[in-house]
Amino acid sequence: MTDLLPLGLLAELTHRCPLACPYCSNPVELDRRSDELDTATWLRIFDEAAELGVLQLHLSGGEPTARADIVELTRGAAQAGLYTNLITSGVGLSKQRLEALAEAGLDHVQLSWQDTDPASADKIAGLDGAHRWKHETARAVVELGLPLTINVVIHRLNIARVADMIVAAYRAGARRIEVAHTQYYGWGLANRAALLPTEDQVEAAHAAVANIRKELEPGILIDYVAPDHFSRYPKPCMNGWGRQSLNVTPRGRVLPCHAAESIRGLIFWTVHEHSLREIWNDSPAFIAFRGTEWMKEPCRSCPRKEIDFGGCRCQAFAWTGDAASADPACELSPYHAALREAVAAPRTDEIIYRRFSSPKPAPQE
Ligand code: SF4
Ligand code: FES
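Residues numbered from 1 in each chain as written. Chains lettered and ligands numbered in written order. Predicted model: local features only at pLDDT ≥ 70, side-chain atom pairs only at ≥ 80, totals over all residues. Heavy atoms only, no water.

Some points on the overall build of the protein
Scanning the protein for helices and strands turns up 14 helices and nine strands. For 365 residues, the compact-globule formula gives about 21 Å, and the C-alpha radius of gyration of the protein, at 20 Å, lands near that figure. On the principal axes, the C-alpha backbone points of the protein span a range of 55 × 45 × 40 Å. The buried share among the 365 residues of the protein stands at 54%. Partitioning the intrachain contacts of the protein with sequence separation of at least 6 by distance along the chain shows that 72% fall at a separation of at least 24. Carbon and sulfur atoms provide 52% of the accessible area of the protein, an area that totals close to 15,400 Å². (Helix = DSSP H or I, 4+ residues; strand = E, 2+ residues; numbered from the N terminus. Rg over C-alpha atoms; globule rule 2.2 N^0.38 Å. Buried < 20%, exposed > 50% of the residue type's maximum accessible area, 1.4 Å probe, protein only. Contact = heavy atoms within 4.5 Å. Areas by Shrake-Rupley, 256 points an atom, 1.4 Å probe, with all protein chains shown as cover.)

Here's the deal with the pattern of salt bridges
Using the criterion set out here, one finds 21 salt bridges in the structure. With its nearest N and O atoms 2.8 Å apart, the salt bridge here joins D69 to R67. The pair D69 / R67 is uniform in exposure class, with both members buried. Across the salt bridge formed by E136 and R132, the nearest N and O atoms sit 3.1 Å from each other. Of this pair, E136 and R132 are both found in helix α5 (residues 130-143), four residues apart, which corresponds to roughly one turn of the helix. Exposure remark for E136: the relative accessible area of 35% places this residue in the partly exposed category. By sharing partners, the salt bridges in this structure join R16, E36, R67 and D69 into a single network. (Salt bridge = Lys/Arg side-chain N within 4 Å of Asp/Glu carboxyl O.)

Quick notes on the packing of aromatic side chains
Counting across every chain of the model gives four aromatic pairs. When the ring centre of W280 is taken as reference, the NZ or CZ atom of R290 above it lies at 4.7 Å. R304 extends its terminal NZ or CZ atom over the ring of Y233, reaching a point 4.2 Å from the ring centre. (Phe/Tyr/Trp six-rings, centres within 6.5 Å; stacked < 30°, edge-to-face > 60°. Lys NZ or Arg CZ within 6 Å of the ring centre and 35° of its normal.)

A few points about the side chain of H15
Considering the arrangement of structural elements, one finds H15 in the loop between β1 (8-12) and α1 (39-52). Apart from residues no more than four positions distant in its own chain, H15 is found in contact with N26, P27, L30, D31, E36, G62, P250, R354 and F356.

What about the sheet that holds strand β5 (residues 148-154)?
Read across the sheet, nine strands follow the order β7-β6-β5-β4-β3-β2-β1-β8-β9 without closing on themselves; strand pairing throughout is mixed. Edge strands, defined here as strands with exactly one partner in the open sheet, are β7 (221-225) and β9 (254-255). Bridge analysis of strand β2 (residues 56-60) against strand β3 (residues 83-88) gives four bridges, and the strand direction is parallel. Paired with L57 across the strands is T84, a residue of β3. Contacts from helix α2 (residues 70-79) reach β2 and β3 within the one sheet, and its direction differs from that of β3 by about 150 degrees. (Pairing = 2+ DSSP bridges. Axes fitted to C-alpha atoms, helices over the stretch in contact; angles between N-to-C directions.)

Spelled out as structure tokens, the structure:
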């Protein structure tokens, strides 16, 4: 049992997606279409989420509009009183479908962009024509009067154009841009040698973002999430495990964070057996790292433990095999030197695309 209340629910409606981005936050073992929850179950989850106190629903994937029932799901979520945010690649999304979503009560669209350079954008997405389609979707969203956030994941292949992407989002009519560096677990970890920028690139990007902020804010809100591989301390991942949000996978497992399935040994309850309230309050996976009691040294006696909550459990597990250890992005972690070695390691141009058919990346040694 906990006094905490979740603010947000990330509904991964499907892992199907027309794109194949090599940093995808979906697990390396993707859920198949035949495993996906049906419409009635999702609608029940939305009702339970609203009753539990959730305010914001993120309709995500994969590509959520790959679901034939996306309009019905959006309508049900809006009727439950949830603020609905569609997180989309924009590929395959017609203006008519967007109109139907708006009419069903959609509140906000978050659209991913890969780059300002069309050839690079299509290469990163793993799909020819993706860049053009995304810009058409941005135009349609703005014409319909829906608030638009552009989301860009930054890495070695696009970091030089980070300021250009902010300008492009502003010109496209976005109210907000979220610039987040790649997270290195799952697919991102498998592609780390291709995607991790150099220190010089990261410093140049920080300076470029600072400059463009002076020019464009407050005309557009710029959320810039700095990369933790280049910092002294980790980020407060998820704002603390099991503190603010839930994630429901296509097959109905409920996770404290989107990458939690990468931590071996955690037990996830599902919506088939338990209500969201039971899962939030009592499921073993949520309880495992909630609060600070689970911490070991150096976190246990650290004055920052209520600030960053020991960093990211998934990154800690990926590097140390123990999700209760300090995130190696922290300079106090015994694994920090190894993480810094990865920053200095040679890069490759070879990319493993996120596809159902891709060879599964090997776990970190
Ligand atoms: Fe954060 Fe733990 Fe490092 Fe302290 S020791 S800064 S709590 S990761
Ligand atoms: Fe899972 Fe950070 S991504 S806790």
